[in-house]
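# Understanding the architecture of this molecule
Below are the chains, spelled out letter by letter.
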Amino acid sequence: MEPEDQTSDRSTETTEDHAEPDTASSTVGDAGDAAQDPRGPVIPNVINRHDIGLLEFHGAAGKVKVADSLRVEIVQLGSTYFQNDEGPFAPTNNRSMNKSWFKRTLANGEKVTRYWLVYSPAKQSAFCICCLLFSRSNPQSSLEQECGFNHWKAPERMTVHEMSKNHREFFTQWKQMERTLAENKGLIDVELQSEIDVEKQKWRDILERLIHCIKFLATQNLALRGHRESLQSDDASNVGNFLRLLKLLAAFDPVMQAHLKNAKNRPGSAATQNEFIHLMASTVRENMLETIRQAKYFGIMFDSTPDQAHQSFLGFIQINLKDAESLVGTILSQLEKDGMDLQDCRSQCYDNAAVMAGHKSGVQQRIIEKNHLAVFVNCDNHSLNLIGVNAAKQDVMMRVEAVKPINNHLDKILQVLQAMMDGATETTDTRSEARQLYNRMLTPEFLTLLGFWTNVLLPIDRVQKRLQDPAMNFHDAALDLESLRDHFYNERERLVSKALEVGLNLCQEWEVETERRPRRKKTMAGETSKDAGLKTTQEIERAMKETIDRLHTEMDDRFTRLHDTDAKFGFLLDVEGLCTGISRDILKTKCENFGQTYNRDVDGEQLYEEILDFRMMISTRTNVKLTRPEDVLLFIVQYGDESVFPNLRIAIQILLTIAVSIASCEGSFSKLKLILNYLRASMGQDRLSDLALLSVEREEVEKIDFNSIIDAFAAAKARKIHV
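Residues numbered from 1 in each chain as written. Predicted model: local features only at pLDDT ≥ 70, side-chain atom pairs only at ≥ 80, totals over all residues. Heavy atoms only, no water.

## Some words on the overall build of the protein
Heads up, the condition is: Runs of H or I in DSSP of at least four residues are treated as helices and runs of E of at least two as strands, each being numbered from the N terminus. Here the term buried applies to any residue with accessible area under 20% of the maximum for its type, exposed to any over 50%, and partly exposed to those in between, with areas from a 1.4 Å probe on protein chains only. What makes two residues a contact is simply this: any of their non-hydrogen atoms within 4.5 Å. Note that accessible areas follow from Shrake-Rupley with a 1.4 Å probe, and for residues the cover is restricted to the protein chains shown.
A count of helical and extended segments in the protein gives 31 helices and 12 strands. Taking all 723 residues of the protein together, the buried fraction comes to 47%. For the protein, long-range pairs separated by at least 24 residues make up 73% of all intrachain contacts whose partners lie at least 6 apart in sequence. Summed over its atoms, the accessible surface of the protein is roughly 37600 Å², and 49% of this surface lies on carbon and sulfur atoms.

## Observations concerning the environment of Glu275
Structurally, Glu275 can be placed in helix H10 (residues 270–295). Exposure remark for Glu275: the relative accessible area of 16% places this residue in the buried category. Separated by 411 residues in sequence, Glu275 and Asp686 have C-alpha atoms that sit 9.7 Å apart.

## Topic: the pattern of salt bridges
Put simply, the rule reads: In what follows, salt bridge is the name for a side-chain nitrogen of Lys or Arg lying within 4 Å of a carboxyl oxygen of Asp or Glu.
For the structure on display, the rule yields 30 salt bridges. Two residues, Lys296 and Asp344, come together in a salt bridge whose shortest N-O distance is 3.1 Å. With Lys296 in the loop between H10 and strand S7 (298–302) and Asp344 in the loop between helix H11 (324–337) and strand S11 (345–350), the pair connects residues that are 48 residues apart, well separated along the chain. Taking relative accessible area as the criterion, Lys296 reaches 39% and is therefore assigned partly exposed.

## Describing a negative patch on the surface
Formally: Residues enter patches when they are more than 30% accessible in relative terms and free of salt bridges; like-charged ones are connected within 9 Å and nonpolar ones (Val, Leu, Ile, Met, Phe, Trp, Tyr) within 5 Å. For the charge count, each Lys or Arg is scored as positive and each Asp or Glu as negative, with His and the chain ends excluded. Charged side chains are reduced to one point each, which is NZ for Lys, CZ for Arg, CG for Asp and CD for Glu.
Taken together, Glu592, Asp603, Glu605, Glu609 and Asp613 make up a surface patch of like negative charges. Per element, the largest residue contribution to the negative patch is three residues, and it comes from helix H25 (residues 604–619). Structurally, Glu605 is set in helix H25.

## Considerations on helix H2 (residues 68–77)
With seven of 10 residues buried, H2 is to be regarded as a mostly interior element. If you check which residues of H2 are buried, you get Ser69, Leu70, Arg71, Val72, Glu73, Ile74 and Val75. At the exit of H2 stands Gly78, carrying a positive phi of roughly 90°.

## Some remarks on helix H8 (residues 241–250)
Applied cut-off: Working note: the arc is built from the helix axis to C-beta atom directions.
Those residues of H8 that sit buried are Phe242, Leu243, Leu246 and Ala250. Along H8, the residues classed as buried sweep out an arc of 95° about the axis, all on the same side.

## Remarks on the nonpolar core
When a protein is soluble and globular, its nonpolar side chains tend to lie buried together. Just so we agree on the cut-off: Residues belong to a common nonpolar core when they are buried Ala, Val, Leu, Ile, Met, Phe, Trp, Tyr or Cys residues joined through side-chain atoms within 4.5 Å.
Ranked by size, the top nonpolar core spans 74 residues in total, and within it Leu384, Leu572, Phe614 and Leu648 carry the most contacts. When near neighbours in sequence (up to four residues on either side) are disregarded, Phe614 contacts Cys579, Leu626, Val632, Phe635, Phe645 and Leu648.

## Quick look at the sheet that holds S7
Worth spelling out the cut-off: We call two strands paired when DSSP finds no fewer than two bridges between them. Note on geometry: axes are C-alpha line fits, over the in-contact stretch for helices, and angles between N-to-C directions span 0 to 180 degrees.
With parallel pairing, the three strands of this open sheet are ordered in space as S7-S11-S12. Only two strands of the sheet have a single neighbouring strand rather than two, namely S7 and strand S12 (375–378). Here the average twist between neighbouring strands, direction ignored, is 20°. Sheet topology note: the S11/S12 ladder contains four bridges and is parallel. From the neighbouring strand, Cys349 faces S12, where its bridge partner is Val377.

## Focus: the side chain of Asp51
Applied cut-off: In the analysis that follows, any N or O atom pair within 3.5 Å is treated as a polar contact, provided that within protein one partner can donate a hydrogen and the other can accept it, and provided that, for residues neighboring in sequence, both atoms belong to side chains.
Position of Asp51 relative to the elements: it lies in the loop between helix H1 (45–48) and strand S1 (56–58). A polar contact of 2.9 Å, which involves the side chain of Asp51, links it to the backbone nitrogen of Ala122. Beyond its immediate chain neighbours, meaning those up to four positions away, Asp51 contacts Val46, Phe82, Ser120, Pro121 and Ala122.

## A short note on the side chain of Thr219
Summarising the element assignment, Thr219 is placed in helix H7 (residues 190–219). A polar contact of 2.7 Å, which involves the side chain of Thr219, links it to the backbone oxygen of Lys215. At 3.2 Å, the side chain of Thr219 and the backbone oxygen of Phe216 are in polar contact. Setting aside residues up to four positions removed in sequence, Thr219 forms contacts with Leu694, Ser695, Arg698 and Val701.

## Details of the pairing of strand S5 (residues 117–120)
What you see with S5 is no split at all: Leu117 and Tyr119 on one side and Val118 and Ser120 on the other are buried throughout. Where S5 and strand S6 (residues 125–128) come together, four bridges link them in antiparallel fashion. By the bridge assignment, Val118 is partnered in S6 with Phe127. Remark: four residues form the turn of the hairpin made by S5 and S6, two consecutive strands paired antiparallel; Gln124 in that turn has positive phi of roughly 55°.

## A word on the packing of aromatic side chains
Put simply, the rule is: Two rings from Phe, Tyr or Trp (for Trp, the six-membered ring) form a pair when their centres sit within 6.5 Å of each other. Planes less than 30 degrees apart are called stacked, planes more than 60 degrees apart edge-to-face, and all others tilted.
Going through the model one piece at a time under the given rule, you end up with 12 aromatic pairs. Taking 6.0 Å as the distance between ring centres and 80° as the angle between the ring planes, the aromatic pair formed by Phe614 and Phe635 counts as edge-to-face. In this pair, Phe614 sits in helix H25 while Phe635 sits in helix H26 (residues 629–639), placing the two residues 21 residues apart along the sequence. Relative accessible area serves as the criterion here: at 11%, Phe635 is assigned to the buried category. When the centroid spacing of 6.0 Å and the interplanar angle of 90° are considered together, the rings of Phe614 and Phe645 count as edge-to-face.

## Considering the confidence of the model for the protein
How we decide: On a scale of 0 to 100, pLDDT captures the predictor's confidence in every residue.
On average, residues of the protein score 78 in pLDDT, and 78% of them reach the 70 mark or higher. Counting interchain partners and residues more than four positions distant, the pLDDT-below-50 stretch residues 307–311 has 12 contacts.

## A word on the state of the cysteines
What makes a disulfide is a covalent bond joining the sulfur atoms belonging to two cysteines. The test is simple: Only a pair of cysteine sulfur atoms within 2.5 Å qualifies as a disulfide here.
The tally for this structure, following the rule as stated, stands at zero disulfides. The thiol of Cys128 is not disulfide-bonded; the next cysteine sulfur, from Cys130, is found 3.3 Å away. Since its relative accessible area comes to 0%, Cys128 is described here as buried.

## Overview of the environment of Asn98
Residue position: Asn98 is located in the loop between helix H3 (80–83) and strand S3 (103–105). Since its relative accessible area comes to 37%, Asn98 is described here as partly exposed. In this structure the C-alpha to C-alpha distance between Asn98 and Trp152, which are 54 residues apart in sequence, comes to 8.3 Å. Polar contacts involving the side chain of Asn98 include one to the main-chain amide nitrogen of Ser100, which spans 2.8 Å.

## Things to note about unusual backbone geometry
The step from Gly87 to Pro88 runs through a cis peptide bond, and the omega angle for that step is 0°. By secondary structure assignment, the location of Pro88 is in the loop between H3 and S3. A positive phi angle, close to 55°, is found at Asn84, a residue other than glycine. Despite not being glycine, Asn221 shows a phi value in the positive range, around 60°. Relative to the elements of secondary structure, Asn221 occurs in the loop between H7 and H8. With a relative accessible area of 14%, Asn221 lands in the buried category.

Here it is in structure tokens:
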């Protein structure tokens with residue numbers, strides 16, 4: 001569903017995916033040109049993706065073709081680099097490769113590792129690495145053919161292959177090359193190897209500087225490229241930030257100065273810059289995914305937004321349809337691509353548009369049908385917004401007067417409006433609009449409701465800021481929202497009387513008449529009852545009380561699911577109650593209920609016993625202060641290994657995946673709008689996703705060591721001197 005990257009020039013606009021073909025930047029391109037170099041990509045896919053199945057095969061016989069330099073590099077990396085022995089192994093005909101196949105059992109029962117056996121995720125097949133690298137004849141078995149070995153019902157063929165004459169010969173050659181490379185003699189001339197090492201170090205120094213420049217621009221949401229990407233151009237106005245940054249660096253750094261001087265007459269490719277960015281983003285992404293996989297349990301947060309290119313994005317994945325079936329399909333496809341099991345998902349938090357997609361069978365319901373443990377909670381932040389909106393619609397008066405609190409600037413605003421009304425330089429329309437606004441503000445309704453909404457919106461705003469905190473859990477959210485609801489219920493009379501008092505004082509200050517002739521409603525034919533004829537202050541009082549009642553009712557209705565979840569499972573996130581507060585009888589019942597719900601993860605009876613042991617242990621440690629669920633997890637981890645309180649640890653982990661707000665998604669979209677502005681609207685999907693990830697996860701970017709990328713690029717450049 002992703003659009004192809006566009007490569008046409010766009011006049012003089014600064015665009016990310018465009019540069020004039022004859023002046024393409026050579027600074028990153030000279031690190032190796034993946035798109036144009038006939039000798040192969042910058043980093044061969046077989047190395048970049050740790051996949052031996054991505055070697056090039058030619059001819060009807062499917063014979064592999066390996067350049068000597070690439071063969072040497074693969075042998076230097078070692079077979080474990082390509083084995084992928086931890087899986088996941090894709091099934092074929094309901095069977096798949098087994099991890100035990102990487103071991104060979106000897107006659108005495110001893111097991112030795114089959115280092116020659118590797119698994120290709122791309123081909124979903126097994127290969128013999130030594131036969132692929134050293135065979136000069138046509139393939140003898142499927143382990144050295146392009147399709148690979150995937151006859152999982154016949155594991156005995158592994159033994160047949162490793163006992164064959166050809167395999168033993170190539171296995172010997174492989175080990176001999178490993179030895180000679182380690183000793184730095186024999187196969188590769190010592191002088192040539194020394195030259196390669198010098199060249200590799202030179203490129204490592206260059207690439208280290210390039211990667212820091214890209215990291216700086218990406219995390220600052222700055223465009224890398226401009227209209228004219230030429231080292232020979234003196235027109236600074238059309239040169240991109242990346243090239244200008246390199247020139248600035250070269251003014252003080254001899255390494256970059258020498259590189260730019262050498263690169264002036266060697267134009268490179270913008271595709272390589274994209275590849276460099278992609279490798280950085282992939283490293284960050286894989287580190288984050290690995291952290292999630294180690295934690296096992298995760299939650300899904302969903303939000304969507306249109307961008308400057310009028311496309312919609314799910315996370316950072318382009319989607320074309322927003323019906324429930326399409327959205328769920330995209331979510332599941334991305335989880336599978338990332339190696340995440342939907343059965344480990346324990347929560348869903350979406351915006352209201354996603355909830356309503358597909359009407360009764362929305363996104364959340366379709367996910368629950370596939371995994372009933374993926375608990376759904378509304379985005380409480382959006383729900384609280386809707387409560388305020390609906391309360392403001394309770395009365396026509398409220399709908400008109402519900403404005404942003406401007407108490408601190410009321411005098412200045414009215415003075416400006418007066419000046420505009422009297423200003424000789426203003427147009428007739430401007431003076432008329434100013435007069436209308438001035439008259440509208442100087443009414444008892446406006447002046448009274450101004451103070452009313454100030455006192456109503458301030459506590460709502462405080463709770464919303466709390467809900468947006470990434471560390472907020474559903475138990476604390478439920479307590480905050482319950483307190484807010486009780487506040488409006490208990491303070492109903494005081495909020496109304498205070499607003500009336502403040503409004504009356506403002507009316508006196510600005511000489512506004514507080515009472516007007518009551519308007520009678522027109523009666524229908526035969527109607528005998530008469531209108532009560534409420535005064536202005538009474539009408540305002542009625543409207544304010546009905547608004548507060550609507551707030552209270554809406555909060556009861558919209559947060560029912562949150563409060564139900566908290567009532568059943570919130571005890572595990574209530575640290576004080578967990579340690580001392582809950583009685584044993586209630587605690588045992590709650591643990592049993594938790595165990596019944598999450599029977600695939602936790603044993604309820606064992607959870608109860610572990611909490612009692614945890615209480616006993618905490619009671620003797622007066623110096624330990626536990627205030628948050630995260631503190632409990634940290635204490636458990638520091639106390640011992642995973643066998644200590646496993647059920648309590650897993651239970652808290654599961655509950656902490658339940659989000660209360662999708663504010664982090666909206667924060668990502670704010671970055672998206674900075675990156676994909678109207679001057680960069682034609683940016684390709686892959687580049688956008690990579691730059692957005694580097695920007696949003698800037699803290700993670702700063703922690704990651706990109707030396708593996710630098711080494712791979714440097715090795716690729718050094719490899720060219722003897723290709």
